[in-house]
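Residues per chain, in single letters:
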Amino acid sequence: MFVGALHRPLRRQTALALALILSLIGGACGGGAATSASGRTSLSVGLGYIPSVQFAPFYLADQRGDYSAAGLDVTIQNQIDPDLISLVGTGSVDLALADGTSVIPAVSQGIPIRYIATIYGTLPNVVIARTDAGIAKPSDLRGKRIGTPGRYGSGYLTLLGIIADAGVNESDLSIELFPDYGQTQALISGAVDAVTGYANNDLVQAKAAGVKVVAFYSSASAPFAGPGLIASESTIAAKGAALRAFIAVTLKAMEAIESNPTVGVDAAGAVVPELIADDASRAKSLAIMEATVAIWRGAMQRERGLGAIDANGWITSINFLRNVPGQVVATGLAIDDLLDETLLPKP
């Protein structure tokens with residue numbers, strides 16, 4: 001399961017109460033960057049719910065000793081997306097991988113986080129459709145059966161953006177909910193005509209099953225930022241140099257995997273042995289790794305390098321979410337409330 005797949009609405013009161021407690025504790029302790037017994041700066045890093053080949057750059061940088069060489073003592077842990085956002089906001093976790101569609105409502109609800117580096121320049125969320133259902137372009141989704149886990153999260157919002165560009169209303173679709181995340185198997189069996197999913201997971205599965213499909217990526221109306229690194233305002237202030245080093249090292253690991261995806265598969269396999277347990281497992285992992293590498297760079301990252309943040313895309317996304325019922329977007333929310341580009345490597 002990919003990062004963000006378990007996105008749920010955030011609880012404002014709990015997050016803010018925890019943030020307040022932490023700020024009081026931090027004030028009493030005087031702040032500052034924590035160091036380990038080795039003298040390196042300690043960083044706790046939250047990734048997605050399940051360890052996966054998609055997190056290979058972090059595993060590779062850790063296994064090669066690159067984080068240590070940069071003066072960092074990195075601890076990696078796994079949580080679901082909303083848990084990570086709350087933990088980062090309170091400073092309990094230093095930085096984490098999170099969806100752009102999670103960051104906007106979190107900041108709107110007072111959680112003091114910033115998006116500091118793009119990992120996926122192309123949003124992994126896609127709409128995957130069977131071509132034998134007569135679907136070749138987004139407007140062909142009208143009247144079709146669309147499977148999705150629920151009316152929330154990046155997948156659902158991506159669907160709304162895609163059909164908006166095509167002049168199709170949600171009421172024109174027959175949406176079927178799969179809260180158990182079984183929509184891709186339903187697509188493969190033909191129980192639905194299209195589904196929301198991930199380009200580096202569900203799309204790979206559908207193609208491996210021999211289903212002829214077409215994939216629709218994030219729209220011009222809602223070019224949501226893909227998963228990227230987030231940190232709290234207090235952590236940026238206290239550990240800015242360490243965060244800058246972490247980002248630089250991670251981006252170098254991404255470049256190494258771009259050059260040879262097998263390196264990423266081996267790194268992930270060292271953490272999750274079943275990913276490379278046999279030839280079939282290794283081949284599947286390599287297919288996912290290659291699909292993951294393909295979406296690390298969007299137009300902005302091809303122009304300015306891995307990690308670059310598309311601020312204009314964020315502005316468009318904010319405006320789109322304001323018109324989606326049930327979405328929490330604070331009045332007056334500005335791009336500077338969401339992003340901090342100062343920790344990125346210089347072009």
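Residues numbered from 1 in each chain as written. Predicted model: local features only at pLDDT ≥ 70, side-chain atom pairs only at ≥ 80, totals over all residues. Heavy atoms only, no water.

## As for the pattern of salt bridges
Then, number 1: Applying the stated rule across the entire model yields 12 salt bridges.
Then, number 2: Here Asp-66 ties to Arg-64 by a salt bridge, and the two come within 2.8 Å at their closest N and O atoms.
Then, number 3: Classification of Asp-66 as partly exposed rests on a relative accessible area of 22%.
Then, number 4: When its relative accessible area of 42% is taken as the criterion, Arg-64 is described as partly exposed. (Salt bridge = Lys/Arg side-chain N within 4 Å of Asp/Glu carboxyl O. Buried < 20%, exposed > 50% of the residue type's maximum accessible area, 1.4 Å probe, protein only.)

## What about the nonpolar core?
Then, number 1: Ranked by size, the top nonpolar core spans 104 residues in total, and within it Leu-141, Leu-229 and Phe-246 carry the most contacts.
Then, number 2: The biggest single contributor to this core is helix 9 (residues 233-259), with 11 residues.
Then, number 3: Residues contacting Phe-246, with those up to four places away along its chain left out, are Leu-43, Val-45, Phe-58, Tyr-67, Leu-72, Val-74, Leu-95 and Leu-229. (Core = buried A, V, L, I, M, F, W, Y, C linked by side-chain atoms within 4.5 Å. Helix = DSSP H or I, 4+ residues; strand = E, 2+ residues; numbered from the N terminus. Contact = heavy atoms within 4.5 Å.)

## Observations regarding the confidence of the model for the protein
Then, number 1: In the predicted model, the protein carries a mean pLDDT of 90, and 90% of its residues have values of at least 70.
Then, number 2: Low pLDDT, under 50, characterises residues 1-31; the stretch is placed with 56 contacts to residues that sit more than four places away or in other chains. (pLDDT = per-residue confidence, 0-100.)

## With respect to the packing of aromatic side chains
Then, number 1: Taken as a whole and assessed by the stated rule, the structure comprises 4 aromatic pairs.
Then, number 2: A ring pair is formed by Phe-58 and Phe-246, whose centres lie 6.2 Å apart and whose planes are at 20°; its orientation type is stacked. Of the two residues, Phe-58 is situated in helix 2 (residues 56-63) and Phe-246 in helix 9; the sequence distance between them amounts to 188 residues. Of the two residues, Phe-58 and Phe-246, both sit in the buried class.
Then, number 3: One aromatic cluster is present, built from ring pairs that chain together Phe-58, Tyr-67 and Phe-246. (Phe/Tyr/Trp six-rings, centres within 6.5 Å; stacked < 30°, edge-to-face > 60°.)

## Notes on the pairing of strand 4 (residues 113-118)
Then, number 1: Counting buried positions along strand 4 yields 6 of 6 residues, so the element is predominantly enclosed.
Then, number 2: Strand direction decides the pairing type here: strand 4 and strand 10 (residues 228-232), joined by 5 bridges, are antiparallel. By the bridge assignment for strand 10, Tyr-115 is matched with Ile-230. (Pairing = 2+ DSSP bridges.)

## Description of helix 9
Then, number 1: Over its 27 residues, helix 9 runs only 34 Å from end to end, short of the ideal 39 Å by more than 12%, given 1.5 Å per residue.
Then, number 2: Helix geometry: helix 9 is bent most strongly at Lys-239, by close to 95°. (Expected span 1.5 Å × (residues − 1). Bend = angle between axes of the 7 residues up to and from the residue.)

## Overview of the sheet that holds strand 6 (residues 145-148)
Then, number 1: Pairing is mixed in the open sheet, where 5 strands are placed in the order 7-6-8-5-9. The sheet terminates laterally at strand 7 (174-177) and strand 9 (213-216), the two strands that pair on one side only. Along the sheet, successive strands turn relative to each other by an average axial angle of 30°, direction set aside.
Then, number 2: Two elements, strand 6 and strand 7, share 4 bridges in a ladder whose sense is parallel. Along strand 7, the bridge assignment pairs Thr-148 with Leu-177.
Then, number 3: In the packing of helix 6 (residues 153-165) onto the sheet, the strands contacted are strand 5 (125-130), strand 6, strand 7, strand 8 (194-198) and strand 9, and the crossing angle to strand 5 comes to about 65°. (Axes fitted to C-alpha atoms, helices over the stretch in contact; angles between N-to-C directions.)

## A few points about the side chain of Asp-193
Then, number 1: Summarising the element assignment, Asp-193 is placed in the loop between helix 7 (183-189) and strand 8.
Then, number 2: Within polar-contact distance, the side chain of Asp-193 engages the backbone nitrogen of Arg-145 at 2.8 Å.
Then, number 3: Leave out the neighbours within four places in its chain, and Asp-193 touches Ile-128, Ala-129, Arg-130, Ala-133, Ile-135, Lys-144, Arg-145 and Leu-187. (Polar contact = N/O pair within 3.5 Å; in protein donor to acceptor, adjacent residues only side chain to side chain.)

## Quick notes on the packing of helix 2 against helix 10 (residues 261-271)
Then, number 1: Remark: helix 2 packs on helix 10, axes separated minimally by 8 Å, with the N-to-C direction vectors making an angle of 80°. With respect to each other, helix 2 and helix 10 are oriented roughly perpendicular. Contacts between helix 2 and helix 10 involve Ala-56, Tyr-59, Leu-60 and Gln-63 from the first element and Val-263, Gly-264, Ala-267, Ala-268, Ala-270 and Val-271 from the second.
Then, number 2: Considering only residue class, the contact of helix 2 with helix 10 consists of 8 nonpolar, 2 polar and no charged. (Parallel < 35°, antiparallel > 145°, perpendicular 65-115°, else oblique. Nonpolar A, V, L, I, M, F, W, Y, C, P; charged D, E, K, R; others polar.)

## A look at the environment of Glu-303
Then, number 1: Counting through the fold element by element, Glu-303 comes out in helix 12 (residues 299-304).
Then, number 2: Note on Glu-303: relative accessible area 64%, which makes it exposed.
Then, number 3: For the pair Glu-303 and Pro-347, spaced 44 residues apart in sequence, the C-alpha separation works out to 9.9 Å.

## Side note on the pairing of strand 1 (residues 41-47)
Then, number 1: Counting buried positions along strand 1 yields 6 of 7 residues, so the element is predominantly enclosed.
Then, number 2: Two elements, strand 1 and strand 2 (residues 72-78), share 7 bridges in a ladder whose sense is parallel. When the bridges of strand 2 are listed, Ser-42 appears paired with Asp-73.
Then, number 3: Pairing of strand 1 with strand 3 (residues 95-98) involves 2 bridges; the strand directions are parallel. Note that in strand 3 the partner of Gly-46 across the bridge is Ala-96.

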